[in-house]
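Analysis of the macromolecular model
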Amino acid sequence: MGRIALLVDGNNLSHEYLGRRKLYPVLNIALDRLEDIGDVTLKWLYLDEADYGMASYASSLGFTEKSIGMPADRKIKDAIKEICHNRMIDTICLGSGDGDFCHDLSQIKRYNKGSIVLGLYGKISWRLCNEADHIITIYEDEIKEFDSTCIEYLDRFFSQQNG
């Protein structure tokens, strides 16, 4: 799939099981899964509200956080349009299960780019599945497994950021 742009709708990929750490394992799992497919050269995280802890952690994984101004959905739609014109990107991976992005995914094909939808099990719109070239599903067991092995790391990370 070549060079991949990963656009994460942080509000949509949050998982209630994890409380304040709800998005951390999802970002790690997403990157692990995409490494098998191509080179993730662009990583953008969209949140409706600024979250310093999340932004700092995401930055440590190579993400740029984009949460200032308009709602995340609007910014993601604008980013998809922009990336469609970028010859350095072959595939757009949308980290969201939100059916509101169906039209945007259909536009990607017109620019001869691949599309991947990455979402949580049971929370991916069937309309998105129909538009995407590939679907990557993250299961609750994966999130729980990550959580049990990485709590200590995350606690150290945040104590360093706040200390």
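This text goes with the structure placed above it.
First things first, this report covers the structure right here in the doc. (Residues numbered from 1 in each chain as written. Predicted model: local features only at pLDDT ≥ 70, side-chain atom pairs only at ≥ 80, totals over all residues. Heavy atoms only, no water.)

Side note on the overall build of the protein
The helix and strand tally for the protein stands at six helices and six strands. Its helices and strands taken in sequence order, the protein reads β-α-β-α-β-α-β-α-β-α-β-α from the N to the C terminus. With 163 residues in all, the protein has 52% of them scored as buried. Partitioning the contacts of the protein with sequence separation of at least 6, the portion at a separation of at least 24 is 67%. For the protein, the computed accessible surface area is about 8300 Å², with 46% contributed by carbon and sulfur atoms. (Helix = DSSP H or I, 4+ residues; strand = E, 2+ residues; numbered from the N terminus. Buried < 20%, exposed > 50% of the residue type's maximum accessible area, 1.4 Å probe, protein only. Contact = heavy atoms within 4.5 Å. Areas by Shrake-Rupley, 256 points an atom, 1.4 Å probe, with all protein chains shown as cover.)

Details of the nonpolar core
Counting 28 residues, the largest nonpolar core has Leu6, Leu23, Leu27, Leu34, Leu45, Met54 and Phe63 as its most contacted members. Every element with two or more residues in this core is listed here: strand E1 (3-9), helix H1 (24-35), strand E2 (39-46), helix H2 (52-60), strand E5 (114-120), strand E6 (134-138) and helix H6 (140-162). Looking at this core, the element that brings in the most residues is H1, giving seven residues. Every residue in contact with Phe63, bar those within four places of it in the chain, is listed here: Leu6, Val8, Leu27, Leu31, Lys43, Trp44, Leu45 and Ala58. (Core = buried A, V, L, I, M, F, W, Y, C linked by side-chain atoms within 4.5 Å.)

Notes on the sheet that holds E5
In spatial order, the strands read E3-E2-E1-E4-E5-E6; together these six strands make up an open sheet with parallel pairing. On the outer flanks of this sheet lie strand E3 (64-65) and E6, each paired with one strand and no other. Direction of pairing for E1 relative to E2: parallel, over a ladder of seven bridges. Of the residues in E2, the one forming a bridge with Leu7 is Trp44. Packed onto the sheet, helix H3 (residues 72-84) meets E1, E2 and strand E4 (91-95) and runs at close to 170 degrees relative to E1. (Pairing = 2+ DSSP bridges. Axes fitted to C-alpha atoms, helices over the stretch in contact; angles between N-to-C directions.)

A few points about the side chain of Thr91
One can find Thr91 in strand E4. Not counting the four nearest positions on each side in its chain, Thr91 is found in contact with Met1, Arg3, Ile4, Ala5, Gly114, Ser115 and Ile116.

So, the pattern of salt bridges
Tallying each qualifying case throughout the model produces four salt bridges. For Arg33, the salt bridge goes to Glu142, with nearest N and O atoms at 2.6 Å. With Arg33 in helix H1 and Glu142 in helix H6, this residue pair connects regions lying 109 residues apart in the sequence. (Salt bridge = Lys/Arg side-chain N within 4 Å of Asp/Glu carboxyl O.)

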